[in-house]
Amino acid sequence: MDPFDAGAGGLLKQPKSVWATAGASVVAFMGIGLVDPILPSIAQGLDATASQVSLLFTSYFLITAVAMLVTGFVSSRIGGRRTLLLGLAFVVVFAGLAGTSGSVGELVGFRAGWGLGNALFVSTALAVIVGAAAGGSAAAILLYESALGLGMACGPLLGALLGDASWRYPFFGTAFLMAVGFLCIAVFLKEQPKPARKTSLLDPIKALGHGGLASAAVSAFFYNYTFFTVLAFTPFVLNMSPYKSGAVFFAWGVLLAVFSVIVAPRFQKRFGSLKVLGGSLVLLAADVLVLGYGSHTAAVVCTILSGAFIGVNNTVYTELALGVSDAPRPVASAGYNFVRWFAAAAAPFFAPKIEEWTDVHIPFVVAALTAVAGAVVVVVRRKALTLPQALDSARAGGTPTAEEPEPKHATEDGVTVFAN
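This structure is a prediction, so every number in the text was calculated from the model and none was measured.

### Side note on the overall build of the chain
Along its length, the chain carries 17 helices and 2 strands. For the chain, buried positions account for 58% of its 420 residues. The long-range share in the chain, meaning contacts at least 24 apart out of those at least 6 apart in sequence, stands at 84%. Surface exposure of the chain reaches about 15800 Å², of which carbon and sulfur atoms provide 67%.

Have a look at this one:
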């Protein structure tokens, strides 16, 4: 089946509830890259250093990582719809407060609260989209990745357009858009079925006992360090106006969206998920090395080009996290994200510190090494990371053979999961 087929079950033929959740997801992902083009402006406006301003990412993702252990606990008790609304409410409040900050410390603190809301929303949104989407998990994952790519592309653009007048306006703009998302979810999304068994706080940690899921999480940890070195540190290296920086990261986000939704599935079908992932990580490592050592023009080109490799990686990692283990998808996703988001918190803090200790090139050398480390994990743990044959066949649009039986299904937390 072609997930882009506009017929029943295609990517473009989805219920209103799915589009409402995906639309709110776009805005949620916009919040990640929103501050990219205005980081220098924030540093100037609040009289802060690059390393202090980079804590906007660190506080955001540190809270997001820890909150991943809570999301399943909450959603299994109050339901997916209420969890989404609770997360959106947190984002609206703390994004609005961020715009009123009088110091970098206040801004970092409000971003932490924003991260809690985003964790509640984003992790639940994927489960809701997979559960409610027509066309099965392949179409649902592509829709989710489309929302991610569009949000990552539009976030810097919105940050540049509003931030050119004041660095405070992008935060107020996000609060407004998330309020609209709140209303859409409230109107169009019906309550999701609660699971028969409530998720405990330790279930995501226990899920990491599966070798495949743990390997995916460790590899993604290294990859995320590279990803967020590009996202959080590069704006200081490019040292461009908000408009120019926003344009660069908009182009970066467009490539991320195109390669995650259109190119990655085709590469996976032809070469296999693990070969695509390993090759993309190595190419990303080479790209960030040129970014760090090349001219300013080369740095701009390589920043944009990195979006292609990041888009491919995001799609493959998402599929691995959701399909490689026998844990319920919300639990597997929470455990996987708990590990990988720590790298997203670490990179924005360590990259400017490494520059202070050494020079501007070395943060990109470290980022290249972590991308290679992620590829090494994929190669060494390739047997554990191999998706169930029926799932891989379904993802590629094929039909399982006699040796590849149709997978059994079970429903947990409103999400269809593969059961061994």
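### Focus: the packing of helix H11 (residues 242–271) against helix H13 (residues 296–323)
Their axes nearest at 7 Å, the elements H11 and H13 cross at an angle of 40 degrees. One finds that H11 runs oblique with respect to H13. Both H11 and H13 take part in a crossing whose hand is right-handed. Residue composition of the contact of H11 with H13, grouped by class: 15 nonpolar, 8 polar and 1 charged.

### Notes on empty space enclosed by the protein
Taken as a whole and assessed by the stated rule, the structure comprises 6 cavities of 30 Å³ or more. Approximately 260 Å³ is the volume found for the largest cavity. Lining of the largest cavity is provided by 25 residues; of these, Leu148, Thr318, Asn337, Arg340 and Trp341 occupy positions nearest its centre. For the lining of the largest cavity, the residue count by class is 16 nonpolar, 7 polar and 2 charged.

### Description of the side chain of threonine 318
As for its placement among the helices and strands, threonine 318 is situated in helix H13. In this structure threonine 318 touches Leu126, Ile141, Glu145 and Tyr336, once residues within four positions along its chain are discounted.

### Comments concerning the packing of aromatic side chains
Aromatic ring pairs are reported here in terms of the distance separating the ring centres and the angle at which the planes meet. Tallying each qualifying case throughout the model produces 18 aromatic pairs. Plain terms: the ring middles of phenylalanine 90 and phenylalanine 94 are 6.1 Å apart, the flat faces sit at 5 degrees to each other, and that makes the pair stacked. With phenylalanine 90 and phenylalanine 94 both in helix H5 (residues 80–98) and 4 residues apart, this pair spans about one turn of that helix. Residue phenylalanine 90 is classed as partly exposed on the basis of its relative accessible area, which comes to 26%. Between tryptophan 167 and phenylalanine 171, the ring centres sit 6.1 Å apart and the planes meet at 80 degrees, which makes this aromatic pair edge-to-face.

### Focus on the packing of helix H10 (residues 211–238) against helix H14 (residues 329–357)
Orientation of H10 relative to H14, taken along the N-to-C sense of each, is 35 degrees, at an axis distance of 7 Å. Along this stretch, H10 crosses H14, giving a crossing that reads as right-handed. For the contact of H10 with H14, the per-class residue count stands at 24 nonpolar, 2 polar and 2 charged.

### Looking at unusual backbone geometry
At asparagine 239, a residue that is not glycine, the phi angle is positive and equals roughly 50 degrees. Within the element layout of this structure, asparagine 239 appears in the loop between H10 and H11.

### Focus: helix H4 (residues 55–78)
Its 24 residues give H4 an end-to-end C-alpha distance of 32 Å, which sits within 8% of 34 Å, the value for a rise of 1.5 Å per residue. A maximum bend of about 40 degrees is found in H4 at methionine 68. Backbone geometry just after H4 places glycine 79 at a positive phi near 95 degrees.

### Some words on the environment of glycine 374
Its place among the elements puts glycine 374 in helix H15 (residues 362–380). In sequence terms glycine 374 and phenylalanine 222 are 152 residues apart; their C-alpha atoms lie 5.2 Å from each other. Leave out the neighbours within four places in its chain, and glycine 374 touches Ser219, Phe222 and Leu281.

### Some thoughts on helix H6 (residues 104–132)
Taking 1.5 Å of rise per residue, the 29 residues of H6 would be expected to cover 42 Å, and the 40 Å separating its terminal C-alpha atoms lies within 8% of that figure. Most of H6 is tucked away, with 22 of its 29 residues classed as buried.

### Here's the deal with the confidence of the model for the chain
Of all residues in the chain, 86% attain a pLDDT of 70 or more, and the chain-wide mean is 82. The element-level mean pLDDT for the chain is lowest in strand S2 (residues 415–419), coming to 31, with H15 highest at 97. Confidence drops under pLDDT 50 across residues 389–420; counting only partners more than four residues distant or on other chains, this segment forms 53 contacts.

### Focus on a nonpolar patch on the surface
On the surface, a cluster of nonpolar side chains totalling about 270 Å² of accessible area is made up of Phe250, Val254, Val258 and Ile262. Mapped onto the elements, phenylalanine 250 comes out in helix H11. Judged by its relative accessible area of 31%, phenylalanine 250 is partly exposed.

Conventions we followed
Residues numbered from 1 in each chain as written. Predicted model: local features only at pLDDT ≥ 70, side-chain atom pairs only at ≥ 80, totals over all residues. Heavy atoms only, no water. Helix = DSSP H or I, 4+ residues; strand = E, 2+ residues; numbered from the N terminus. Buried < 20%, exposed > 50% of the residue type's maximum accessible area, 1.4 Å probe, protein only. Contact = heavy atoms within 4.5 Å. Areas by Shrake-Rupley, 256 points an atom, 1.4 Å probe, with all protein chains shown as cover. Axes fitted to C-alpha atoms, helices over the stretch in contact; angles between N-to-C directions. Parallel < 35°, antiparallel > 145°, perpendicular 65-115°, else oblique. Left-handed = near helix turned anticlockwise from the far one by under 90°. Nonpolar A, V, L, I, M, F, W, Y, C, P; charged D, E, K, R; others polar. 1 Å grid on protein atoms, 1.4 Å probe; cavity = no way out; pocket = protein on both sides within 12 Å on 5 of 7 lines; lining within 4 Å. Points joined across faces, edges and corners; volume = space filled by probe spheres on them. Phe/Tyr/Trp six-rings, centres within 6.5 Å; stacked < 30°, edge-to-face > 60°. Expected span 1.5 Å × (residues − 1). Bend = angle between axes of the 7 residues up to and from the residue. pLDDT = per-residue confidence, 0-100. Patch = residues over 30% accessible without salt bridge, like charges linked within 9 Å, V, L, I, M, F, W, Y side chains within 5 Å. Salt bridge = Lys/Arg side-chain N within 4 Å of Asp/Glu carboxyl O.

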